[in-house]
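# Residue-level structural notes
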Amino acid sequence: MNKRALRNLKEKSVRTFFFLNGLLAVVVLAGIFLLLLVSAVPAFREIHLREFLFTKTWDPTSPLKETYGILGQIASSVLVTLGAMILAVPVGIGVAAYLSDVAHARVREIVKPAVEILAGIPSVVIGFLGIVLIGPALAKLFGLGHGLNGLNGSLLLAVMSLPTIISISEDSLSAVPPAYGEASLALGGSRWQTLVRVKLPAALSGIIAAVMLGMGRAVGETMTVLMATGNARAFPTGLMQSLRTMTSNIAIELGEVPYFTTHYYALFAIGLVLFIMTFLVNMVADIVLHKYQQRES
Amino acid sequence: MTARSKIEARKLDFFYGSKHVLKGLDLACPEKSVTAIIGPSGCGKSTFIRTLNRMNDVVAGTRLAGRILLDGADIHDPEMDPVELRRRVGMVFQKPNPFPKSIFDNVAYGLRINGERRRGRLEEVVEKSLREAALWDEVKDRLRENAFALSGGQQQRLCIARALAVRPEVILFDEPCSAIDPIATARVEDLIQRLKTEYTVVIVTHNMQQAARVSDYTAFLMLGELVEFGDTKTIFTAPVRKMTEEYITGRFG
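About the criteria used
- Residues numbered from 1 in each chain as written.
- Chains lettered and ligands numbered in written order.
- Predicted model: local features only at pLDDT ≥ 70, side-chain atom pairs only at ≥ 80, totals over all residues.
- Heavy atoms only, no water.
- Helix = DSSP H or I, 4+ residues; strand = E, 2+ residues; numbered from the N terminus.
- Rg over C-alpha atoms; globule rule 2.2 N^0.38 Å.
- Buried < 20%, exposed > 50% of the residue type's maximum accessible area, 1.4 Å probe, protein only.
- Contact = heavy atoms within 4.5 Å.
- Areas by Shrake-Rupley, 256 points an atom, 1.4 Å probe, with all protein chains shown as cover.
- Lys, Arg positive; Asp, Glu negative; His and termini not counted.
- Charge placed at Lys NZ, Arg CZ, Asp CG, Glu CD.
- Phe/Tyr/Trp six-rings, centres within 6.5 Å; stacked < 30°, edge-to-face > 60°.
- Pairing = 2+ DSSP bridges.
- Axes fitted to C-alpha atoms, helices over the stretch in contact; angles between N-to-C directions.
- Buried area = accessible area lost by both parts, 1.4 Å probe.
- Salt bridge = Lys/Arg side-chain N within 4 Å of Asp/Glu carboxyl O.
- Domains from an automatic or database assignment.
- Polar contact = N/O pair within 3.5 Å; in protein donor to acceptor, adjacent residues only side chain to side chain.
- Nonpolar A, V, L, I, M, F, W, Y, C, P; charged D, E, K, R; others polar.

### A short note on the overall build of chain B
A tally of helices and strands in chain B yields 10 helices and 10 strands. Against the compact-globule benchmark of 18 Å for 253 residues, chain B has a radius of gyration of 18 Å, which places it among compact chains. Along the longest, intermediate and shortest principal axes, the C-alpha atoms of chain B span 55 × 45 × 35 Å. Per-residue burial over chain B gives 54% buried out of 253 residues. Across chain B, the fraction of contacts at a sequence separation of at least 24, relative to all contacts at a separation of at least 6, is 68%. For chain B, the accessible area works out to roughly 11,100 Å², and carbon and sulfur atoms hold 49% of it. For chain B, the separation between the mean place of its 38 positive charges and that of its 34 negative charges on side chains is 2 Å.

This is how it looks when you write it as structure tokens:
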């Protein structure tokens, strides 16, 4: 009897331990969100939400009139991210299709882990490449004074989101039942037709999720764009201009801003906008991926 | 046997890696008739039927020796395009494998990859093929629905319709009824019987009654070798080899 009580106690304490661990993760995340919210809200005592979201000028330290418009930063983030996706999506899907359909098993076993390791390269190293390698190359290629601009950022973000896009797209292409491919081949379909008309459509939801997750990474990336895009506060009119994204603006200014000023709160408000954007992107990815897994089973 | 042979294997050997799966097979399937391939599990009957449209090409680590002739022409000749070959030699698989597309798009697939875009022509062929596969009446009002909404037996007939749509000359059936229920099986068998007026049919089956019911000729395979081949009636009533008789009467297998 005593032994049983002891075992029950042990069982109970282990369960409590794991429950507390799970709770900790949730509490920390909720705490971060709450801090963000609490720090962002005071900004709107002095700034109109509409002014904040739809004004192009961000000049919180102006001696004449402080302006807090983040439209330029939103546009910069969107522009750099879209540029990155235009570069990364075709390449990523192409590589995924090659790995799942064309490459020998041995090639795949080497290339896929290698691509996944690429995701582990610190972003500061990629930013470094942007400054010393891609910057000068772009300047030379397009005859610019310097190559620290939106395109540079897009190129680097493309490289950074490729591992996610390739890895998850390849998973979903490999999960397409081989019977589909066999059916297409047996009807006289070429390998190319089989890939484009049967396998890619069957894997589409997984590929969309892959792109969304890659995009989530690109939108939130800070160090790389901070180093490579030139940090100009002007509203971007094209990828050849220097620009400043939401993430780099926060990183640059938060270290120097006087605490508990409107400027300080406004930076948190930018963070909140960014959080909502990445949250939406990730949620869409999750819904699509979930739907796809349900259909498979 | 007086009928002209449509597709035939000559001294066919097949290897999976170092495993010798088919051993010196000589087998000729007569035109516009049903040839059944029977034999115990692992005798190589599925492997054999997959060599006839070169489906094993896509399987890594396989090797083939000997010849397979379609209308007297070697299908491994460099002149012969495997894609073109598979348009002439269609296949229906063990498990129904419709695409995750609509019923219409499934049947139209083979035509579309051949570049057929005319709506009217597609509709015409889809209807004709579904009628031939005895499925038209059941699906004519729901052609836009996903093929997965059909029952297993309907899916298999859809796969047959899909194969018929490209007007092949030979249709290979790889145990087409092993995954569907008895009533659906009866319908598919019926269908196979009717197909032989226009097509040459080769069917692999582990079900001897099925072979007896649907085929004109039967080949008995054992451990990769052809034991006996002849018209079905003879094989089932007066087989020459003792091994054939024992298998057919159910003493092993």
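### Overview of the packing of aromatic side chains
With the rule as written, the count across this model stands at 14 aromatic pairs over all chains. Aromatic side chains Trp58 of chain A and Tyr68 of chain A sit 5.7 Å apart centroid to centroid with 75° between the ring planes, which places their arrangement in the edge-to-face category. A residue pair is termed long-range when its members are at least 10 positions apart, and Trp58 of chain A in strand S1 (residues 58-59) and Tyr68 of chain A in strand S2 (residues 67-68) qualify at 10 residues. In this structure Trp58 of chain A comes out as buried when scored by relative accessible area, which is 4%. Relative accessible area serves as the criterion here: at 6%, Tyr68 of chain A is assigned to the buried category. A ring pair is formed by Phe220 of chain B and Tyr247 of chain B, whose centres lie 4.9 Å apart and whose planes are at 20°; its orientation type is stacked. With a gap of 27 residues between them, Phe220 of chain B in strand S9 (residues 217-222) and Tyr247 of chain B in helix H10 (residues 242-248) connect regions that are remote in the sequence.

### A closer look at the sheet that holds strand S7 (residues 170-174) of chain B
Residue and element names in this part refer to chain B. With mixed pairing, the six strands of this open sheet are ordered in space as S6-S7-S8-S3-S9-S10. Of all the strands in the sheet, the pair left with one neighbour each is strand S6 (89-92) and strand S10 (225-231). Direction aside, the axes of adjacent strands within the sheet are offset by 15° on average. Pairing between strand S3 (residues 34-38) and strand S8 (residues 200-204): four bridges, direction parallel.

### Quick notes on unusual backbone geometry
We note that Ala134 of chain B has phi near 55°; this positive angle belongs to a residue other than glycine. With respect to the helices and strands, Ala134 of chain B occurs in the loop between helix H4 (119-132) and helix H5 (136-139).

### Some words on the interface of chain B and chain A
Tallying the contact residues gives 23 residues for chain B and 16 residues for chain A. Buried surface at the junction of chain B and chain A, summed over both partners, amounts to about 1,700 Å²; 64% is from carbon and sulfur atoms. When the buried area of chain B at its contact with chain A is split by residue, Phe99, Tyr109 and Ile113 of chain B rank highest and sum to 29% of it. Put simply, chain B and chain A have one salt bridge between them.

### Digging into the domain arrangement of chain A
Residue and element names in this part refer to chain A. Partitioning chain A into domains gives domain 1 (2-45) and domain 2 (54-296). Residue-level contacts link nine residues of domain 1 with eight residues of domain 2. Of the roughly 750 Å² buried between domain 1 and domain 2 on both sides combined, carbon and sulfur atoms contribute 87%. Among the residues domain 1 hides against domain 2, the three largest losses belong to Leu36, Ser39 and Ala43. Together they make up 54% of the total. Put simply, domain 1 and domain 2 have zero salt bridges between them. Counting across the domain 1 and domain 2 interface gives zero residue pairs in polar contact (both at pLDDT 80 or more). Taken together, the residues of the side of domain 1 that touches domain 2 sort by class into seven nonpolar, one polar and one charged.

### Some remarks on the pattern of salt bridges
Residue and element names in this part refer to chain B. Scanning all chains against the criterion turns up 28 salt bridges over all chains. Ionic pairing is found between Arg121 and Glu124, a salt bridge with its closest N-O pair at 3.2 Å. Here Glu124 and Arg121 lie together in helix H4, a separation of three residues that amounts to about one turn. By relative accessible area, which is 36% here, Arg121 ends up partly exposed. Glu145 serves as the salt-bridge partner of Arg142, at 3.3 Å between the closest nitrogen and oxygen. Overlapping salt bridges, with partners in common, bring together Arg4, Lys6, Glu31, Asp71, Arg88 and Glu169 in one network.

### A few points about the side chain of Ser215 of chain B
Residues and elements named next belong to chain B. Tracing the chain through its elements places Ser215 in the loop between helix H8 (208-214) and S9. Here Thr218 takes part through its side chain, which lies 3.3 Å from a polar atom of the side chain of Ser215. Among the polar contacts made by the side chain of Ser215, one reaches the side chain of Thr232 at a distance of 2.7 Å. Excluding residues within four positions of it along the chain, Ser215 makes contact with Val34, Thr35, Ala36, Gln193 and Thr232.

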